[in-house]
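# An overview of the molecular structure
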Amino acid sequence: IDAYNNPKEIREPFFECNEEQIKKSEKMILAGESFVRLMQKRNAVLLDTELVLGDCSLITGAGGGMGQHIASTLSKLHSKVILSDINEQSLKKVSQNCTYYSSIKPLDITKINDVKTVVKEIENDFGQLDIVINAAGMNIQNRDWDDIQQNDWDQVFKVNINGMFYCCKSAL
């Protein structure tokens, strides 16, 4: 089945969702698509401000790189940004540059119970979590196949794949 190019070929749903989960997922997908357009046009803001105005956004990997820039952009668009990263010191610096509301939630996304706890705290503090940006990620320093260590390979998957899954699943 070529579900990407021919979505009508999908006959059965991959998983069951209730209406609330579907609406939340659609909003997160729209936000993600808007960010892709935003990043493609560096200086031109194509993001629909009504999409994020007053929303609560969790950004993993907000301590640097793309996560830091996304947090700053969402803050400028008056989204409440919840900054998440394994490095609390970097989160403090990023928080100082946010022009609207920001909160720091140090988090190791490879630990599902920690992710669930942070998502519950956000929902308790803000009523709901509207947007999740999975910007946390890592790479292997030495990428020569002969030198890659199993534990380094496993850690990349724990962060880049499992961590993203834990965040998405916990948010839905």
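All values derive from a computational prediction rather than experimental measurement.

## Considering the nonpolar core
Looking at soluble globular proteins, one finds that nonpolar side chains tend to be buried together. Leu58, Ile109, Val115, Ile122 and Leu129 are the most contacted members of the largest nonpolar core, which has 15 residues in total. When residues of this core are traced back to their parent elements, those giving at least two are strand 1 (56-60), helix 5 (112-126) and helix 6 (150-171). One finds Ile59, Val81, Leu91 and Ile133 within the second-largest nonpolar core, a separate group that totals 13 residues.

## Here we look at the packing of helix 5 against helix 6
Orientation of helix 5 relative to helix 6, taken along the N-to-C sense of each, is 35°, at an axis distance of 9 Å. Along this stretch, helix 5 crosses helix 6, giving a crossing that reads as right-handed. Contacts from Ile112, Val115, Lys116, Val119 and Glu123 in helix 5 reach Tyr166, Cys167, Ser170 and Ala171 in helix 6. Residues that form the contact of helix 5 with helix 6 fall into these classes: six nonpolar, one polar and two charged.

## What about the state of the cysteines?
For the coordinates displayed, the defined rule picks out zero disulfides. Cysteine 168 forms no disulfide, and the closest cysteine sulfur to it belongs to cysteine 167, at a distance of 6.9 Å.

## Side note on the sheet that holds strand 2 (residues 80-85)
The four strands lie next to each other as 3-2-1-4, forming an open sheet whose pairing is parallel. Looking at which strands have only one partner, the edges of the open sheet turn out to be strand 3 (102-106) and strand 4 (131-134). Direction aside, the axes of adjacent strands within the sheet are offset by 20° on average. Examined bridge by bridge, strand 2 and strand 3 share five bridges and lie parallel to one another. Looking across to strand 3, one finds that aspartate 85 is bridged to proline 106.

## With respect to the environment of isoleucine 148
Among the secondary structure elements, isoleucine 148 is positioned in the loop between strand 4 and helix 6. Apart from the residues within four sequence positions on either side, isoleucine 148 is in contact with Ile140, Asn142, Arg143 and Trp153.

Cut-offs used in this document
- Residues numbered from 1 in each chain as written.
- Predicted model: local features only at pLDDT ≥ 70, side-chain atom pairs only at ≥ 80, totals over all residues.
- Heavy atoms only, no water.
- Core = buried A, V, L, I, M, F, W, Y, C linked by side-chain atoms within 4.5 Å.
- Buried < 20%, exposed > 50% of the residue type's maximum accessible area, 1.4 Å probe, protein only.
- Helix = DSSP H or I, 4+ residues; strand = E, 2+ residues; numbered from the N terminus.
- Axes fitted to C-alpha atoms, helices over the stretch in contact; angles between N-to-C directions.
- Left-handed = near helix turned anticlockwise from the far one by under 90°.
- Contact = heavy atoms within 4.5 Å.
- Nonpolar A, V, L, I, M, F, W, Y, C, P; charged D, E, K, R; others polar.
- Disulfide = S-S within 2.5 Å.
- Pairing = 2+ DSSP bridges.

Remember that the coordinates give geometry; whether it matters functionally is a separate question.
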